[in-house]
Amino acid sequence: MENPDLTVETEARSSGRIQRANSLAGDVYEAIFAQLMSLKIPPGSRITVDNLVREFDVSHTPIREALGRLEGEGLVVKTHLIGYRAAPQITRRRFDELYELRLLLEPAAAAKATATLDEERLTALREAAGVMARRVGKDERLRYSNFARQDAIFHDKIMEFAQNELIRETLNHQHTHFHIFRLMYHSRVTEEALDEHEAILAAFAAGDASGAADAMRVHIENSRDRLLPAFE
């Protein structure tokens, strides 16, 4: 879920030095994550710790901690004696497989989740969907990276409420959302997805399981179609 205060803090450091805060490693992580999502650090490119130390004006320790966290999320690859690289772009075959998997699992999970939703859970989904904060922040790169995270949280919450941990773990293990958002940095990816999130939320609020499944299916199909040009 996006925190507007965090967005403001992140914008303040997006083009230069990291501001000292309660968690320096967390700030560094967010800054590198934003660069990966917005393709400022392109897929497959080398990530030099010393360059990041100079760019953010911090020590090696928070840089290495942040890169270790990103490695765990599948966004960074560490090679012995070579160092860090941004994870390579997913292949077209992998892309097709991920979307086939999502279409098999997520519409049915959305329908199942509908029956478990109370007002507290609906509120949690509205907050996670990013709809209420869609215009927060002027930095387009940061808005894009923030939405990449929000989209992952929104879909994960639906899987949680569907109460099938195997499906949830399977999708999380693929780091699906982070990889697909790195395919194309474009505002259309976020704005159209937010409209689709609203349609899913409307079905949830109406208690319409079939409508939730249909809205989720449309969302995933549209997401696939928006990103296909990345392979042309």
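Residues numbered from 1 in each chain as written. Predicted model: local features only at pLDDT ≥ 70, side-chain atom pairs only at ≥ 80, totals over all residues. Heavy atoms only, no water.

**Q** Run through the packing of helix α6 (residues 119–129) against helix α7 (residues 140–162), naming residues and quoting values.
**A** In contact at an axis separation of 8 Å, α6 and α7 are set at 155 degrees when each is read in the N-to-C sense. Looking at the two axes, α6 sits roughly antiparallel to α7. Taken as a pair, α6 and α7 cross one another with a handedness that is left-handed. Taking contact as the criterion, the partners of R121, L125, E127, A128 and A129 in α6 are, on α7, F147, Q150, I153, F154, K157, I158 and F161. (Axes fitted to C-alpha atoms, helices over the stretch in contact; angles between N-to-C directions. Helix = DSSP H or I, 4+ residues; strand = E, 2+ residues; numbered from the N terminus. Parallel < 35°, antiparallel > 145°, perpendicular 65-115°, else oblique. Left-handed = near helix turned anticlockwise from the far one by under 90°. Contact = heavy atoms within 4.5 Å.)

**Q** An account of the pairing of strand β2 (residues 76–79) is requested, with residue identities and associated values reported.
**A** When β2 meets strand β3 (residues 83–86), the two strands line up antiparallel, connected through four bridges. In the strand pairing of β3, V77 is matched with R85. The antiparallel pairing of β2 with β3 creates a hairpin that spans three residues between the two strands, and L81 there sits at a positive phi of about 70 degrees. (Pairing = 2+ DSSP bridges.)

**Q** Before we move on, can you summarise empty space enclosed by the protein with the specific residues and values?
**A** A full pass over the atoms with the stated rule returns two cavities of 30 Å³ or more. Reported here for the largest cavity is a volume of approximately 80 Å³. Sorting elements by how many residues they give to the lining of the largest cavity places helix α11 (residues 209–227) first, with four residues. (1 Å grid on protein atoms, 1.4 Å probe; cavity = no way out; pocket = protein on both sides within 12 Å on 5 of 7 lines; lining within 4 Å. Points joined across faces, edges and corners; volume = space filled by probe spheres on them.)

**Q** Please provide a residue-by-residue account of the environment of R85, values included.
**A** Mapped onto the elements of the fold, R85 is located in strand β3. Residue classification places R85 among the partly exposed residues on the basis of a relative accessible area of 37%. For the pair formed by R85 and L67, sequence separation is 18 residues and the distance between their alpha carbons is 9.7 Å. When neighbours within four sequence positions are excluded, R85 is seen to be in contact with G44, S45, R46, I47, L75, V76 and V77. Here the side chain of R85 touches G44 through a polar contact of 3.3 Å, landing on its backbone oxygen. (Buried < 20%, exposed > 50% of the residue type's maximum accessible area, 1.4 Å probe, protein only. Polar contact = N/O pair within 3.5 Å; in protein donor to acceptor, adjacent residues only side chain to side chain.)

**Q** Explain helix α2 (residues 24–37) to me, and be specific about the residues and the numbers.
**A** The first and last C-alpha atoms of α2 sit 20 Å apart over 14 residues, in line with the 20 Å expected at 1.5 Å per residue. Taken across its 14 residues, α2 has 13 buried, putting it largely inside the fold. Immediately beyond the C-terminal end of α2, within one or two residues, lies L39, with a positive phi of roughly 70 degrees. (Expected span 1.5 Å × (residues − 1).)

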